[in-house]
Amino acid sequence: MSNILQVLGTGLVMSLGVLCAQQNAPQEKPAETPPPATAATKKENPVKAAPEVLAAAKKIFGYDCAMCHGANGDGKGDLVESMKLKMKDWHAADALGGISDGEIFDLIVKGKDKMIGEGDRLAPAKVWGLVHYVRSFPKKSAN
Ligand code: HEC
């Protein structure tokens, strides 16, 4: 009888150990692996920079982005002082040089630091339009 109890007991301890190990494994993983880049990071802009796309993006930019980035992308929006923002002037040719279209897409959706992302408030096509629009500033004059 005591033998059976012992076997049962050992079995219980072992299966508990396995259970714990299984529970611990997935908890440890996210801490070690960096958040996966979304598919968009490597994506080319699937939307054409047609005049109506840029016009729609300009409108969105006016009410969602200009208060920080400035209506003409110079980084001198109304909120810059009060929020103590460090903004880039997108007319500088290299301001957006190191960042891919997909990264700009992700940034607009997810935000970064004090910039709040659009989340799902904007349809992806509109976000891609904004990517074109943001990229168009260096080609324009600073005024
Ligand atoms: C609350 C102010 C704020 C608003 C609103 C905002 N941004 Fe930003 N944005 C920032 C800040 C601050 C950074 C710099 C983040 C960093 O690198 O730390 C930034 C960075 C960026 C960048 C990366 C290049 C750069 O200048 O550093 C892009 C592109 C961008 N924003 C686009 C947009 C678009 C498009 C919108 C509107 C949909 C928008 N932002 C709205 C504050 C804002």
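Cut-off values and rules
Residues numbered from 1 in each chain as written. Predicted model: local features only at pLDDT ≥ 70, side-chain atom pairs only at ≥ 80, totals over all residues. Heavy atoms only, no water. Helix = DSSP H or I, 4+ residues; strand = E, 2+ residues; numbered from the N terminus. Buried < 20%, exposed > 50% of the residue type's maximum accessible area, 1.4 Å probe, protein only. Contact = heavy atoms within 4.5 Å. Areas by Shrake-Rupley, 256 points an atom, 1.4 Å probe, with all protein chains shown as cover. Polar contact = N/O pair within 3.5 Å; in protein donor to acceptor, adjacent residues only side chain to side chain. Donors = N, O, S within 2.8 Å, 3.2 Å for Na, K, Ca; no water. Tetrahedral: all angles 85-135°; square planar, octahedral: opposite > 155°, others 65-115°. Salt bridge = Lys/Arg side-chain N within 4 Å of Asp/Glu carboxyl O. Axes fitted to C-alpha atoms, helices over the stretch in contact; angles between N-to-C directions. Parallel < 35°, antiparallel > 145°, perpendicular 65-115°, else oblique. Left-handed = near helix turned anticlockwise from the far one by under 90°. Nonpolar A, V, L, I, M, F, W, Y, C, P; charged D, E, K, R; others polar.

**Concerning the overall build of the protein chain**
Right, on to step 1. On a plain count of helices and strands, the protein chain comes out with 6 helices and 2 strands.
Right, on to step 2. In the protein chain, the succession of α and β elements from N to C terminus is α-α-α-α-α-β-β-α.
Right, on to step 3. Each of the 143 residues in the protein chain was classed as buried or not, and the buried ones make up 29%.
Right, on to step 4. Taking contacts inside the protein chain between residues at least 6 apart in sequence as the whole, the part at least 24 apart equals 56%.
Right, on to step 5. Here the protein chain has roughly 10200 Å² of accessible surface; of this, 62% comes from carbon and sulfur atoms.

**Overview of helix α5 (residues 101-110)**
Note on helix geometry: an α-helix contains 3.6 residues per turn, so any two residues three or four positions apart are oriented the same way.
Right, on to step 1. Among all positions in α5, only G102, I104, F105, D106 and I108 are buried.
Right, on to step 2. Of the surrounding secondary structure, the elements contacted by the buried residues of α5 are β1 (111-112), β2 (115-116) and α6 (124-136).
Right, on to step 3. In the stretch just after α5, G111 is the one whose phi turns positive, near 80°.

**Thoughts on the environment of R121**
Right, on to step 1. The residue R121 is located in the loop between β2 and α6 in this model.
Right, on to step 2. Taking the C-alpha atoms as reference points, R121 and V109, separated by 12 residues in sequence, lie 8.7 Å from one another.
Right, on to step 3. Engagement of the side chain of R121 in a polar contact is seen with the backbone oxygen of G117, the distance being 3.1 Å.

**As for the coordination of the iron atom of the ligand**
Right, on to step 1. Looking at the iron atom of the ligand, one finds its protein donor set to be H69 (NE2) and M115 (SD), positioned 1.9 to 2.2 Å from the metal centre.
Right, on to step 2. Taken together, the 6 donor atoms coordinating the iron atom of the ligand and their angles of 87 to 178° define a geometry best described as octahedral. One end of the pair, H69, is in helix α3 (residues 66-69); the other, M115, is in strand β2, with 46 residues separating them in the sequence.
Right, on to step 3. Residue class for H69 comes out buried when judged on its relative accessible area of 15%.
Right, on to step 4. A residue is classified by how much of its surface remains accessible, and M115, at 29% relative accessible area, is partly exposed.

**Quick look at the pattern of salt bridges**
Right, on to step 1. Applying the stated criterion to the full structure yields 2 salt bridges.
Right, on to step 2. Residue R135 pairs with D101 through a salt bridge whose shortest N-O separation is 2.6 Å. Here D101 lies in helix α5 and R135 lies in helix α6, a separation of 34 residues in the sequence.
Right, on to step 3. For R135, a relative accessible area of 24% puts it in the partly exposed group.
Right, on to step 4. Given a relative accessible area of 21%, D101 falls into the partly exposed group.
Right, on to step 5. The residue K110 makes a salt bridge to D106 at a minimum N-O spacing of 3.9 Å. Of this pair, K110 and D106 both sit in helix α5, 4 residues apart, which is roughly one turn of the helix.

**Looking at the packing of α5 against α6**
Right, on to step 1. It is at 9 Å that the axes of α5 and α6 come closest, and there the two elements cross at 120°. Classed by the angle they form, the pair α5 and α6 counts as oblique. The way α5 lies across α6 gives a crossing that is right-handed. Here α5 contributes D101, G102, I104, F105, I108 and V109 to the contact with α6, which in turn contributes P124, V127, W128, L130, V131 and R135.
Right, on to step 2. Class assignment of the residues belonging to the contact of α5 with α6 gives a composition of 9 nonpolar, 1 polar and 2 charged.

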